[in-house]
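Here is what each chain is made of, one letter per residue.
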Amino acid sequence: MSPPCHTSALLLVFVALAVAGAEQSEERSCDVVGDESSESQMERALLKKLEPLSHMRFNVTVGTGKTENYIYHFRVCREVNSTSHDFGGLVQTDKQSGKTTVIGRINETQVFNGSDWIMLIYKGGDSYGRHCSGEKRRAVIMISCKRGVTASSFSIISEEREKEQECFYLFEMDSSVACPAENSHLSVGSILLITFVSLIAVYIIGGFLYQRLIVGAKGMEQIPHFAFWQDLGNLVADGCDFVCRSKPRNAPAAYRGVGDDQLGEESEERDDHLLPM
C-alpha cells in the first residue's frame, strides 16, 4: 500500500473510532411508554423540567436483616450503568452476593405531576421470582417540592410485593424542580407606584444636576423650581390653617404679653393731687 493510501486508511479508522466513541458517550434519556408521537406536551414539559437532576446520582442502603441488605442506585432519566446498555434507571445491588437487579428502565417511563410534586415511574424491570406472579418490577419515585434544594433525601418508602399483580417499589426525594413557578406578576397599583417614584427620582436628580452644573445655583436654590415649591408649600399651609383651625378666628387670645404695644390706655384719673406741691 502506498504512503498516501496508508495515511487515508488511518484517517478513516480514526474518524470511525471518534464517531463510535461519540455515540457511546451520548447517554440515553427517558422514553415515555408508547409511541413517540403519543407523548403529550405535558410529559415533554415534565421531562424537560427534570433535566437539572439528570447529572446527579442517588444511592440508598437498606438492611432488613442478615438475608436482605441492598443498595439502590438511581438516576433521573439516565442509565445507572451506561456501559451495560440495559436502560436501568433504578438498580438494586445485593451487598452480600453483589448481584444486580434492574428495578425499572428509562425506556419505559411514565411521568405526571400535581401542584407541588412530580411522579416518575420506571417500568420494565427484571421479573420477580416467586412474588407478584413473576411480573416485571416497577419503580415509583415521588419527587416533592422543596425550594432552595436541588435534590436531597432520596429514600425508599416500601416495596409492595405481596400482591398478585401491580407490585412496585416506592421511593421519595425532595427537589425544587417539583415546585410551581412563583407568581411574580405586579399589580396595576404597584406598576403605577413604581412609575411615579421613578419619575420623581428622575425629576429631582436631573433638576439638581441642571441647577448646579448649568445654572450654577448654590444651597437651596439647587432644588429644581425651588420658588414654585416654596409658594406651593405656603399655600398648602394657609389652606390647612384655614380648614383645620378649631377655634373662631376672632376669639381673643387666652394670654397677652407685656409688650408696650399690648398695654391698655392709661386711666384719665390720676393721683397727681396726692403728690406734695
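No experiment lies behind these values; they were computed from the predicted model shown.

Draft legend 1. The arrangement of the packing of aromatic side chains in detail. Per the counting criterion, the structure on display carries twelve aromatic pairs. Taken together, the ring pairs in this structure connect Phe-58, Tyr-70, Tyr-72, Phe-74, Tyr-122, Tyr-128, Phe-154, Tyr-169 and Phe-171 into an aromatic cluster. Sitting over the face of the ring of Phe-87, Arg-28 holds its NZ or CZ atom 4.3 Å from the ring centroid. A cation over an aromatic ring shows up here: Arg-137 above the ring of Tyr-128, its NZ or CZ 4.6 Å from the ring centre.

Draft legend 2. Molecular detail of the UniProt feature "transmembrane region" (unreviewed entry) in the protein chain. Per the UniProt record, "transmembrane region" (unreviewed entry) is annotated on residues 186-210. Counted over residues 186-210, helix gives 92% and strand 0%. Its end C-alpha atoms are 34 Å apart.

Draft legend 3. Broad picture of the nonpolar core. Of all hydrophobic cores here, the largest spans 33 residues; its most connected members are Leu-50, Phe-74, Leu-90, Tyr-122 and Ile-141. Among the elements of the structure, α2 (41-49), β1 (57-63), β2 (69-75), β4 (100-113), β5 (117-124), β6 (139-145) and β8 (168-175) are those that each provide at least two residues to this core. Contact partners of Leu-50, with chain neighbours within four places excluded, come to Val-76, Val-111, Ile-118, Leu-120, Ile-143 and Val-177.

Draft legend 4. Spatial organisation of the sheet that holds β4. Spatially, the eight strands line up as an open sheet ordered β1-β2-β3-β4-β5-β6-β8-β7, and their pairing is mixed. Every other strand in the sheet has two partners, leaving β1 and β7 (152-160) as the edge strands with one partner each. Each strand of the sheet is rotated relative to its neighbour by a mean of 25°, with strand direction disregarded. The pairing of strand β3 (residues 88-94) with β4 spans five bridges and is classified as antiparallel. Pairing of Gly-88 across the sheet is with Arg-105, part of β4.

Draft legend 5. Representation of the state of the cysteines in the model. Considering all chains together, one arrives at three disulfides under this definition. Shown here is the disulfide that connects Cys-145 with Cys-179, its sulfur atoms set 2.0 Å apart. Linking Cys-145 and Cys-179, the disulfide has an S-S dihedral of approximately 100° and is accordingly described as right-handed. With Cys-145 in strand β6 and Cys-179 in the loop between β8 and α3 (188-215), the pair connects residues that are 34 residues apart, well separated along the chain. Under the relative-accessibility criterion, Cys-179 is labelled buried at 6%.

Cut-off values and rules
Residues numbered from 1 in each chain as written. Predicted model: local features only at pLDDT ≥ 70, side-chain atom pairs only at ≥ 80, totals over all residues. Heavy atoms only, no water. Phe/Tyr/Trp six-rings, centres within 6.5 Å; stacked < 30°, edge-to-face > 60°. Lys NZ or Arg CZ within 6 Å of the ring centre and 35° of its normal. UniProt positions renumbered as here; feature names shortened; annotations may be inferred. Helix = DSSP H or I, 4+ residues; strand = E, 2+ residues; numbered from the N terminus. Core = buried A, V, L, I, M, F, W, Y, C linked by side-chain atoms within 4.5 Å. Buried < 20%, exposed > 50% of the residue type's maximum accessible area, 1.4 Å probe, protein only. Contact = heavy atoms within 4.5 Å. Pairing = 2+ DSSP bridges. Axes fitted to C-alpha atoms, helices over the stretch in contact; angles between N-to-C directions. Disulfide = S-S within 2.5 Å.

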